[in-house]
Amino acid sequence: GELYEPEEENPMLGWRGASRYYSKEYIDSFIEDSNLQEVISSISTACKTISNSVRLAGINDLLGKTGDINVQGEKVEKLDEFANNTLINQLSKSKKVFMMGSEEIESIILPQPENPNAEYIVVFDPLDGSSNIDVSISIGTIFAIYKKINSNQQDVDNLLQKGNQILASGYTVYGSSTVLCLSIPNKTSLFTLSDNQEFFLTTENIVHGDSKVYSINESNWNKFTKGNKLWVNKLRSGELGKYTARYVGSLVADFHRNLIKGGVFAYPADPKSGIGRLRLIYECNPLAFIAKQTKGRATDESEDILDIKPSALHQRVGLYIGGKEEIDIREKII
Ligand code: AHG
Ligand code: MN
Ligand code: MN
């Protein structure tokens, strides 16, 4: 047969298709407050460190569990702990953070040293998709940034803000590429981590795609309400068009795919207890904010996720999130 002749300029090696903007220059150009710029830059630095650790986890003894149980009652993975510490240390270094909240930590986290005069609050799920760590499937970091509502370092109300108070939110997915999604009002963009450790702008002003995909763990079928069974059966029947099922088991990866391609993710609350699987503050609100900026929507069943007043730091809610049309379709059916 014929020998494969590579193109003169190998598209794999150049920056073709990617803007030459580093994320920092680009982000700083539309965020006025230099303190907020620094908070975002600290998060992106932490995500680079986490990305490298995820990629090399098998070599650096970072797979498996620590032996501890976290506030969620779940076994802590070594990488959960590593990612959590990386974010806390990096955000502390920025000196711009007043208080933090993490899925892995029971109560308020103050930076060390403390910054009683700083204004910003950061909440995060340091590593989402823990069950996928050991099997090299996409996982991610989810975060949101708020302003403090008072200067009391002991006041948990600073963390219990509604999602509609978010100033900026985002996630980094450690997938076949490491991609950072950053969302501020009217601007949601994707950045790809290069081999020289810079985030390059790769998609500007993204909006939800329109592919017909549903992401639901159907093993929970017996706990679904009649309405949800009706909805999922309609999706399966083909009468609303041909849907396909995709469920990674890492919310961040399922959301990322549905954002780019289109689709809907659902993790209903247990109808008996009313309690969901996913955490309002660390997972649902940051992604709901992104959805809102990208022609998407998120609800818990009865109201918009962003309108729920959190009553506890680790509150779990039902989540339906995706392209606006998909969420509307469900509401018409149930
Ligand atoms: P975490 O790893 O941060 O605890 O979150 C896991 C979450 C979420 O990422 C995913 O969508 C969901 O749990 C998967 O739950 P099931 O295994 O019940 O489907
Ligand atoms: Mn999670
Ligand atoms: Mn987690």
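In this report, the structure presented in the accompanying data block is examined. Note that the coordinates shown come from a computational prediction; the quantities given were computed from them, not determined experimentally.

1. Topic: helix H7 (residues 324-333)
Structural remark: α-helix, 3.6 residues per turn; residues separated by three or four positions point the same way.
Step number 1: For H7, every residue scored as buried is listed here: Glu326, Ile327, Ile329, Arg330 and Ile333. The buried residues of H7 all sit within an arc of 155° when viewed along its axis, so they share a single face. Opposite the buried face of H7, by more than 90 degrees, sit the exposed residues Glu325 and Lys332.
Step number 2: In this fold, the buried residues of H7 make contact with helix H4 (226-237), strand E12 (264-267), strand E14 (296-299) and strand E16 (319-323).

2. As for the environment of Phe143
Step number 1: With respect to the helices and strands, Phe143 occurs in strand E5 (residues 139-147).
Step number 2: The spacing of Phe143 and Tyr174 is 31 residues in sequence and 14 Å in space, taken between C-alpha atoms.
Step number 3: Those residues in contact with Phe143 that lie beyond four places of it in its chain are Ile43, Val123, Phe124, Ser169, Gly170, Tyr171, Leu180, Cys181, Leu182 and Pro286.

3. Notes on the pairing of strand E6 (residues 168-174)
Step number 1: With respect to burial, E6 is a largely interior element, seven of its seven residues being buried.
Step number 2: Sheet topology places E5 next to E6; seven bridges connect them, and they run antiparallel. Paired with Thr141 across the bridge in E6 is Thr172.
Step number 3: Sheet topology note: the E6/strand E7 (residues 178-184) ladder contains six bridges and is antiparallel. Bridge assignment links Val173 to a residue of E7, and that residue is Val179.
Step number 4: The loop that links E6 with its antiparallel partner E7 comprises three residues.

4. Description of the coordination of the manganese ion (ligand 3)
For a metal with four tetrahedral donors the ideal donor-metal-donor angle is 109.5 degrees, while six octahedral donors give ideal angles of 90 or 180 degrees.
Step number 1: The protein atoms that coordinate the manganese ion (ligand 3) are Glu103 (OE), Asp125 (OD) and Leu127 (O), at distances spanning 2.3 to 2.4 Å.
Step number 2: One chain supplies every donor for the manganese ion (ligand 3), spaced along it as E-x21-D-x1-L.
Step number 3: Taken as a pair, the manganese ion (ligand 3) and the manganese ion (ligand 2) show a spacing of 3.7 Å, with Asp125 coordinating each metal.
Step number 4: Judged by its relative accessible area of 0%, Asp125 falls in the buried class.
Step number 5: Its relative accessible area of 1% is what places Leu127 among the buried residues.

5. A short note on the sheet that holds E16
Step number 1: With mixed pairing, the five strands of this open sheet are ordered in space as E11-E10-E12-E16-E14. Lying at the two open borders of the sheet, with one neighbouring strand each, are strand E11 (244-245) and E14.
Step number 2: Bridge count for strand E10 (residues 213-216) against E12 is three bridges, and the pairing is parallel. Bridge pairing links Ile216 to Ala266 in E12.

6. Some details on the site of ligand 1
Step number 1: Taken together, 18 residues surround ligand 1, and among them Asp128, Ser130, Asn217, Tyr247 and Tyr267 come closest.
Step number 2: In this structure, Asn217 approaches ligand 1 through a side-chain N or O atom, which is 2.7 Å from an oxygen atom.
Step number 3: Residue Glu283 places a side-chain N or O atom 3.4 Å away from an oxygen atom belonging to ligand 1.
Step number 4: Relative to its unbound accessible area of 480 Å², ligand 1 is 86% covered by the protein chains.
Step number 5: For the shell around ligand 1, the secondary structure elements donating two or more residues are strand E4 (120-128), E12 and strand E13 (278-279).
Step number 6: The leading source of residues in the shell around ligand 1 is E4, at three residues.
Step number 7: Of the residues assigned to the shell around ligand 1, the class counts are six nonpolar, five polar and seven charged.

Conventions we followed
- Residues numbered from 1 in each chain as written.
- Chains lettered and ligands numbered in written order.
- Predicted model: local features only at pLDDT ≥ 70, side-chain atom pairs only at ≥ 80, totals over all residues.
- Heavy atoms only, no water.
- Buried < 20%, exposed > 50% of the residue type's maximum accessible area, 1.4 Å probe, protein only.
- Helix = DSSP H or I, 4+ residues; strand = E, 2+ residues; numbered from the N terminus.
- Arc of directions from axis to C-beta.
- Contact = heavy atoms within 4.5 Å.
- Pairing = 2+ DSSP bridges.
- Donors = N, O, S within 2.8 Å, 3.2 Å for Na, K, Ca; no water.
- Near = heavy atom within 4 Å.
- Polar contact = N/O pair within 3.5 Å; in protein donor to acceptor, adjacent residues only side chain to side chain.
- Areas by Shrake-Rupley, 256 points an atom, 1.4 Å probe, with all protein chains shown as cover.
- Nonpolar A, V, L, I, M, F, W, Y, C, P; charged D, E, K, R; others polar.

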